[in-house]
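Below, each chain spelled out in residue letters.
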Amino acid sequence: MRATRLGRGTSFYINAVQAQLAQGKLAEAQETADRYSEDAPGSPFAAVIQANMSRVRRELPEAERRMVAIREHHGESPFVRLITGRSLAGLAEAQGRIGEARRRLRTYLAELEK
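**So, helix H3 (residues 26-39)**
For H3, which comprises 14 residues, the first-to-last C-alpha distance of 20 Å matches the rise-based estimate of 20 Å (1.5 Å per residue) to within 8%. Taken residue by residue, H3 has Ala 29, Gln 30, Thr 32, Ala 33 and Tyr 36 as its buried positions. Buried residues of H3 fall within an arc of 160° about the axis and therefore sit on the same side. Across H3 from its buried face, at more than 90 degrees, point the exposed residues Glu 31 and Glu 38. Those residues of H3 that are buried are in contact with helix H2 (10-22) and helix H4 (44-56).

Take a look at the structure:
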């Protein structure tokens, strides 16, 4: 947590959120995610963290909506396409849409080969 107060680096926030989640501190993880969203407005990475928080809360349709929006707004970035592609495949699978999950996973793997 101390590192998140020293800078706005994405890795600081991701590590802090992951540690809080591993400790079962969902409320604190959400506060950290919210702080990063405030510190880095418009960042696709802050948006990905928020989408992942929706997934952790099992708000799968909301997490999917957020990931699609990130991909639409920041899809020019190959890194964002990879993050959202894998996440969307996992979200489709978690919601029982196996065919869609397979299609998305194949697209993700094709992106990796570029």
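Having seen the model, we can carry on.
**Some words on the side chain of Glu 111**
Here Glu 111 is to be found in helix H7 (residues 98-113). For Glu 111, the side chain forms a polar contact with the side chain of Arg 81, separated by 3.2 Å. Ignoring any residue separated from it by four or fewer positions in sequence, one finds Glu 111 in contact with Arg 81 and Leu 82.

**Digging into a negative patch on the surface**
On the surface, Glu 28, Glu 31, Asp 34 and Glu 38 cluster together to form a negatively charged patch. When you line up the elements, Glu 28 lands in helix H3.

**Here we look at the pattern of salt bridges**
Pairs can form between side chains of opposite charge whenever their charged atoms are close. Summed over all chains, the structure comprises 8 salt bridges. Arg 97 serves as the salt-bridge partner of Glu 100, at 2.7 Å between the closest nitrogen and oxygen. Residues joined in a network through salt bridges with shared partners are Glu 64, Arg 97, Glu 100 and Arg 104.

**Points about unusual backbone geometry**
With a phi close to 65°, Arg 58 is a non-glycine residue in the positive phi region. Structurally, Arg 58 can be placed in the loop between H4 and helix H5 (60-74). Residue Arg 58 is classed as exposed on the basis of its relative accessible area of 56%.

How each quantity is defined
Residues numbered from 1 in each chain as written. Predicted model: local features only at pLDDT ≥ 70, side-chain atom pairs only at ≥ 80, totals over all residues. Heavy atoms only, no water. Helix = DSSP H or I, 4+ residues; strand = E, 2+ residues; numbered from the N terminus. Expected span 1.5 Å × (residues − 1). Buried < 20%, exposed > 50% of the residue type's maximum accessible area, 1.4 Å probe, protein only. Arc of directions from axis to C-beta. Contact = heavy atoms within 4.5 Å. Polar contact = N/O pair within 3.5 Å; in protein donor to acceptor, adjacent residues only side chain to side chain. Patch = residues over 30% accessible without salt bridge, like charges linked within 9 Å, V, L, I, M, F, W, Y side chains within 5 Å. Areas by Shrake-Rupley, 256 points an atom, 1.4 Å probe, with all protein chains shown as cover. Salt bridge = Lys/Arg side-chain N within 4 Å of Asp/Glu carboxyl O. Lys, Arg positive; Asp, Glu negative; His and termini not counted. Charge placed at Lys NZ, Arg CZ, Asp CG, Glu CD.

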